[in-house]
Amino acid sequence: YGGMGLDFSYSIAVAEELGNIHCGGIPMAIGVQAGMTTPALTRFGSDELKKQFLVPTIAGDFVSCLGISEAGAGSDVANIKTTAVRKGDEYVINGGKMWTTSGCQADWMCLLANTSEGPPHRNKSLICLPMNLPGIHVAKKIDKLGMRSSDTAQIFFEDVRVPSKNLIGEEGKGFTYQMLQFQEERLWGVASVLTPLETIIQETIDYTRQRKVFNHSVLHNQAVHFRLAELATEVELLRSLLYRTVALYVEGNDVTKFASMAKLKAGRLAREVTDSCLQFWGGMGFTSEVLVSRFYRDLRLMSIGGGTDETMLSIICKYMETLPSK
């Protein structure tokens, strides 16, 4: 279908390299296309669906978005309310999606919707939804704290009709398919922050070396250079966890626990590095003229998007069997 047939480790290599772009929005948008909207279609979609949606998406002719989160259901995917009711050879879709990356420009959406009244983990399906159909309303481009180069949309569906053949895989398996996608999404996210964190640390070293306070460079203070050494060490530890997790994943192992650990650590470390380094920039760090302030805003999303820190902790606890039984 136009891809190179390489394993997932190559996606991680690409994500790391994209970290050289001096903003978070572009790597995130590419990550949505490569690791969020297309894996389920690749694994479970029909040949016809792949030709219609996957081929142009891989080629870069189509922009895709993921319709999962809703105003009342972010990390709680099972609680989504959007419905896709089967009528003849069509689904009729009603509801809405929130926080949809690339939603203002997307050609199609990988939509998760309730297709039956059954249990919340078995009543959902994934559907390839062209975004030019009647009844799809892109309500607004959301004004965000960071990732401002990436459009994030609120979208509503009113009696949108889509052919039933646009169903990805089996009806009722959408939740399961989406959980599989989440692992790749989270690992991509971890990989994409490694280079920015290294860049911020290095730029802070360079700046504090030349910035003088009381006739000494700021870097001369032990509190400063020790802190930067600690942060650099943490980044390398995160990279090691990522590489171990990716290697296990490529071998076919369930890496849900390790991927959740890496995602949790990446989100917290992104906050820690950007906050500490911004402090060492002093008043200049509080301006929009330096990279550290942009990453301070952009990378804050790492602890929220793709599953919050708290969600990652719950998953880790489940795999460690530390949660109390109901």
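Residues numbered from 1 in each chain as written. Predicted model: local features only at pLDDT ≥ 70, side-chain atom pairs only at ≥ 80, totals over all residues. Heavy atoms only, no water.

The next point concerns the UniProt feature "domain: Acyl-CoA dehydrogenase/oxidase C-terminal" (unreviewed entry) in the chain. Per the UniProt record, "domain: Acyl-CoA dehydrogenase/oxidase C-terminal" (unreviewed entry) is found at residues 172-318. Helix and strand shares over residues 172-318 are 74% and 3% respectively, and the end C-alpha atoms of the span are 24 Å apart. (UniProt positions renumbered as here; feature names shortened; annotations may be inferred. Helix = DSSP H or I, 4+ residues; strand = E, 2+ residues; numbered from the N terminus.)

For the rest of this paragraph, the subject is helix α7 (residues 256-280). Relative to the 36 Å expected for 25 residues at 1.5 Å per residue, α7 spans 36 Å between its end C-alpha atoms, a close match to the ideal helical length. Downstream of α7 by a residue or two, Gly282 has a phi angle that is positive, lying close to 65°. (Expected span 1.5 Å × (residues − 1).)

Below, the discussion takes up the domain arrangement of the chain. For the chain, the assigned domains are domain 1 (8-171) and domain 2 (176-320). One C-alpha centre belongs to domain 1, the other to domain 2; they are set 27 Å apart. Each side of the interface is counted separately: domain 1 has 40 residues, and domain 2 has 31 residues. Across the domain 1/domain 2 interface, buried area totals approximately 3000 Å², and carbon plus sulfur atoms make up 65% of it. When the buried surface of domain 1 facing domain 2 is broken down by residue, Phe8, Glu16 and His22 rank first, second and third, together holding 22% of it. On inspection of domain 1 and its partner domain 2, the count reaches 2 salt bridges. Close ionic contact of Glu184 with Arg43 constitutes a salt bridge, the shortest N to O distance being 2.6 Å. Seen at the junction of domain 1 and domain 2, the total is 11 residue pairs in polar contact (both at pLDDT 80 or more). (Domains from an automatic or database assignment. Contact = heavy atoms within 4.5 Å. Buried area = accessible area lost by both parts, 1.4 Å probe. Salt bridge = Lys/Arg side-chain N within 4 Å of Asp/Glu carboxyl O. Polar contact = N/O pair within 3.5 Å; in protein donor to acceptor, adjacent residues only side chain to side chain.)

So, about the pairing of strand β2 (residues 83-87). In this structure, β2 lies alongside strand β3 (residues 90-101), joined through 5 bridges in antiparallel fashion. Note that in β3 the partner of Val85 across the bridge is Val92. The hairpin turn running from β2 into β3, its antiparallel successor, is 2 residues long, and Gly88 in that turn takes a positive phi close to 65°. (Pairing = 2+ DSSP bridges.)

The UniProt record marks residues 65-160 with the feature "domain: Acyl-CoA oxidase/dehydrogenase middle" (unreviewed entry), using the residue numbering of this structure. This span, residues 65-160, is 0% helix and 51% strand, and a straight line between its end C-alpha atoms measures 17 Å.

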